[in-house]
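One letter stands for each residue in the lines below.
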Amino acid sequence: MLGWLTGLGLFGSGILSAISNFVFIKPRATYGQPQRFSIGKPDDFPPGVRATLGARGLCVVREGNKIAALSTTCTHLGCIVGVSDSGFACPCHGSRFDQDGTVTGGPAPRPLPWYKVTLAPNGELEVDKDIEITPGSYLSL
Amino acid sequence: MRIALAIGTFFILLIHGIVFYDQFFHRWERNQIAYFDQARAMAKTDAERAALSDRSPRIEQIVVSNFGETRVDRCTTCHIASDDPRFATYAQPLRTHPYSIAMGDAQKDGKWERRHKFSEFGCTVCHDGQGRGLEPKYSHGEDEYWPDPLLGHTTQESWRKDYAPKLKGGEYLEANCAQCHTDPGFAGTATVEKGRKLFFATNCYGCHRIEGLSDGTIGPDLTEVGKKWKLDYLWGRIADPRAILATSIMPKFNLKDDEIKALVVFLKSRKGRNFAETEIQRYKVKLTGGAELVQATIKPVEIKPAEMLKQGEKLILDRACTACHKLGARDGGIAPDLSFEGAIKDEQWISDHFRNPKSTMPDSIMPTFRFTDDEFKAMTAYLVSLKAAPALANGEATYKALCLRCHGEKGDGNGPIAIHLDPFPRDLTKAGFMNSKSDQRLVDSIRNGVAGTSMPAWGKLLTDEQAKGVLAYIQTAYTKEPRRELKARQLPEKNPIAMSAESVARGEAQFVNRCAGCHGKKADGKGPNSLDIQPKPRNLRNARFVGSVDDRRLFESILYGVQGTAMPPWIDYGLNNNDVGDLVNFIRSINQKPKGGQNAVATK
């Protein structure tokens with residue numbers, strides 16, 4: 001009986017510390033800019049617009065009533081790509097992407113990620129850079 | 001052994017469990033879960049519902065770096081619904097932050113839009129509080145030692161209870177609006193504006209410096225006062241300075257509660273830097289010390305010779321002289337009565353005192369104010385014109401009208417303004433002193449005043465008879481002890497030792513040995529023993545005073561002591577006329593009259 005109790009105590013403690021270690025291996029908060037933020041009202045982005053938000057590293061695309069946010073950080077070495085006629089182009093190393101962020105040329109190994117966009121209760125659009133979504137999925141307004 | 005082991009491991013499990021619970025089931029997590037549940041119930045579309053189900057409790061954080069300093073605000077971790085208009089009627093922490101026109105919010109198509117977005121401004125810019133805290137106790141600053149308690153809504157346990165009822169409510173929030181919106185008359189900062197006006201009207205600017213507003217040097221610099229002190233402390237320091245800091249020399253001003261509140265709100269808004277200012281604007285203020293701003297606040301008055309008296313009067317009443325002094329019906333209750341200044345002081349003295357109070361009264365606490373020459377002239381002219389003597393029926397009436405303000409109701413020198421005077425008014429109840437001086441000497445003090453102190457020459461207002469009447473009243477009402485026959489003392493009329501470098505050196509050696517304990521190494525009356533002596537030892541660097549007393553009186557004070565004070569008769573300790581002569585030479589040598597006649601009137 002005592003042996004069981006001792007065993008339970010040690011085993012329980014072990015389980016709890018294993019869970020804690022697993023969870024807290026990643027900090028719960030860091031001091032960078034928050035990755036989920038508001039980018040303004042949908043009206044700020046009229047249909048057909050491709051607006052880059054430099055400081056946020058985003059390009060907001062609106063087509064009709066559908067809206068999406070693409071990263072403008074190049075997947076090659078992290079340069080900020082600019083909007084070009086055919087899509088996006090890196091000014092430094094020449095990577096090229098089409099309108100959807102798919103690589104069409106240059107050294108970039110992966111397409112530009114799309115981020116989750118939601119409509120917050122106060123009527124503003126919220127982008128969460130922690131959540132990548134499949135390219136081509138839009139938020140319908 | 002096995003029992004101990006079993007209990008021990010069980011105990012470890014228990015502790016582990018408690019820590020685990022504490023780390024995994026935070027109050028903010030429960031708040032967020034409650035919010036998600038309720039928001040999901042309110043959701044109208046599937047997309048909305050889906051967006052909510054994607055979210056799980058996490059630390060919400062706003063990093064504000066637009067204002068020159070980086071702030072981390074985690075307030076929205078608990079107040080997660082503050083930007084969700086559907087939660088306007090909920091209880092905190094799940095309540096929408098109110099919208100109001102006063103905060104610049106605007107209504108568009110029936111929906112409110114914020115002027116100060118949380119993502120740009122954070123919460124602590126306006127509310128104070130500790131942005132990084134995740135427990136109400138720490139984030140709201142209820143803990144005594146956190147520097148910025150939540151403004152307006154929190155009254156801390158440790159705060160002074162007598163101020164607590166006055167320190168609640170959103171009125172104090174104005175202080176933080178005025179951090180950025182410094183322009184006078186900004187809508188919504190009426191209390192700050194009132195406080196700013198009071199800061200000038202009650203003379204605070206004379207002593208305190210606020211970068212860009214005032215440049216007083218007597219009191220502490222208040223440029224960052226709002227960052228350093230809490231509301232109750234500011235309130236206390238204004239309402240009753242000595243109750244908070246026993247050594248404070250700040251006078252207790254006659255302020256009402258709402259005036260103190262306005263001053264507290266104004267001071268709370270002084271946090272050193274205006275977040276809305278650019279670096280260039282800040283640099284400009286630094287270069288000039290804000291002189292332009294000072295001059296913008298206190299505009300010089302152009303004095304017209306024809307209206308000199310009128311303008312002088314207006315200046316004296318407007319620029320807060322009566323915040324301390326008494327003048328007719330106005331009484332600040334802190335400094336001497338100016339109602340008949342023209343009768344007891346001459347123009348030169350008044351003018352000198354205005355320009356540099358310490359030149360006429362070395363220990364005066366009166367600040368030197370910024371005025372133009374013309375303004376000084378007009379104010380002097382007005383004071384000189386105040387020659388009307390009050391009607392004085394007898395000795396008692398005279399005492400009450402002229403002496404009571406300093407010497408007090410009981411004659412013990414504790415008059416209402418006595419605490420601000422240095423030297424302290426004479427304690428008239430001390431028979432030892434009063435009876436060791438001849439009547440003539442006391443009448444002389446009343447009629448001629450004591451140079452270098454606040455005791456004016458009342459002889460210009462009182463006849464010899466009236467002065468004697470006051471003295472008689474003092475002697476019967478306060479001194480009480482019957483006067484004894486004064487012993488004749490052998491004193492030289494003139495210092496027998498000629499002034500010379502050797503004599504001064506000998507005098508200095510004597511002084512350091514015998515006198516410095518009380519009068520101090522600098523002879524300024526602030527020696528180590530002076531702390532618990534009342535009355536305080538004489539400041540022997542008071543050139544006006546030293547210049548006004550003759551050798552005979554110095555000899556008498558040193559050789560025979562001053563009865564009723566701590567000054568002993570040094571004749572008992574072996575000093576002879578020659579030693580005292582050296583001492584007198586030394587004292588005179590450190591009080592030489594500066595050239596240019598600044599002190600020329602001292603011995604008049």
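Asker: Please explain the environment of B:Gly226 as it appears in this structure.
Answerer: Mapped onto the elements, B:Gly226 comes out in helix H10 (residues 225-228). Not counting chain neighbours up to four residues away, the residues in contact with B:Gly226 comprise B:Leu267, B:Lys268, B:Arg270 and B:Lys271.

Asker: Honestly, the packing of helix H18 (residues 347-355) of chain B against helix H20 (residues 373-384) of chain B in this entry has me stumped. Any pointers?
Answerer: Packed helices, taken two at a time, are described by the angle between their axes plus the distance between the axes. Residue and element names in this part refer to chain B. For the pair H18 and H20, interaxial distance at closest approach is 9 Å and the crossing angle is 135°. In terms of axis orientation, H18 runs oblique to H20. Along this stretch, H18 crosses H20, giving a crossing that reads as right-handed. Residues Glu-347, Ile-350, Ser-351, Phe-354 and Arg-355 of H18 touch H20, and the partners they reach there are Asp-373, Phe-376, Lys-377, Met-379, Thr-380, Leu-383 and Val-384.

Asker: Help me out: how do you make sense of the confidence of the model for chain A in this one?
Answerer: Parts of the model with low pLDDT should not have their predicted coordinates read in detail. Of all residues in chain A, 100% have pLDDT values of 70 or greater, and the mean over the chain is 87. The spread of mean pLDDT over the elements of chain A runs between strand S11 (residues 139-140) of chain A, the lowest at 84, and strand S4 (residues 66-71) of chain A, the highest at 91.

Asker: Looking at this structure, I do not really get the interface of chain B and chain A. What am I missing?
Answerer: Counting residues at the interface gives 36 residues for chain B, matched by 31 residues for chain A. Summed over both partners, the interface of chain B with chain A comes to about 2900 Å²; 59% of that surface belongs to carbon and sulfur atoms. Among the ionic pairs, B:Glu60 bridges to A:Arg36, the shortest N-O distance being 2.4 Å. Where chain B touches chain A, the interface holds 1 residue pair in polar contact (both at pLDDT 80 or more).

Asker: Looking at this structure, how should I read the pattern of salt bridges?
Answerer: Where charged atoms from two side chains of opposite charge come close, those side chains can pair. Residues and elements named next belong to chain B. Here the structure, examined in full by the defined rule, presents 28 salt bridges over all chains. Measuring nitrogen to oxygen at the nearest pair gives 3.6 Å for the salt bridge that ties Asp-37 to Arg-40. Note that Asp-37 and Arg-40 are positioned in helix H2 (residues 27-42) at a spacing of 3 residues, about one turn of the helix. Look at Asp-37 and you get partly exposed, because its relative accessible area is 44%. Residue Arg-40 is classed as partly exposed on the basis of its relative accessible area, which comes to 29%. With a closest N to O distance of 3.1 Å, Arg-552 and Glu-493 form a salt bridge. Separated by 59 residues along the polypeptide, Arg-552 in helix H27 (residues 551-560) and Glu-493 in the loop between helix H24 (464-479) and helix H25 (501-519) bring together distant segments of the chain. Classification of Glu-493 as exposed rests on a relative accessible area of 56%.

Asker: Explain helix H16 (residues 308-318) of chain B here, please?
Answerer: One turn of an α-helix holds 3.6 residues; hence residues three or four places apart share an orientation. All names here are of chain B. For H16, the full list of buried residues reads Gln-311, Gly-312, Leu-315 and Ile-316. The buried residues of H16 all sit within an arc of 135° when viewed along its axis, so they share a single face. What points out from H16, more than 90 degrees from its buried face, is the exposed set Lys-310 and Lys-314. Close packing links the buried residues of H16 with strand S7 (326-327), H18 and H20.

Cut-offs and rules
- Residues numbered from 1 in each chain as written.
- Chains lettered and ligands numbered in written order.
- Predicted model: local features only at pLDDT ≥ 70, side-chain atom pairs only at ≥ 80, totals over all residues.
- Heavy atoms only, no water.
- Helix = DSSP H or I, 4+ residues; strand = E, 2+ residues; numbered from the N terminus.
- Contact = heavy atoms within 4.5 Å.
- Axes fitted to C-alpha atoms, helices over the stretch in contact; angles between N-to-C directions.
- Parallel < 35°, antiparallel > 145°, perpendicular 65-115°, else oblique.
- Left-handed = near helix turned anticlockwise from the far one by under 90°.
- pLDDT = per-residue confidence, 0-100.
- Buried area = accessible area lost by both parts, 1.4 Å probe.
- Salt bridge = Lys/Arg side-chain N within 4 Å of Asp/Glu carboxyl O.
- Polar contact = N/O pair within 3.5 Å; in protein donor to acceptor, adjacent residues only side chain to side chain.
- Buried < 20%, exposed > 50% of the residue type's maximum accessible area, 1.4 Å probe, protein only.
- Arc of directions from axis to C-beta.

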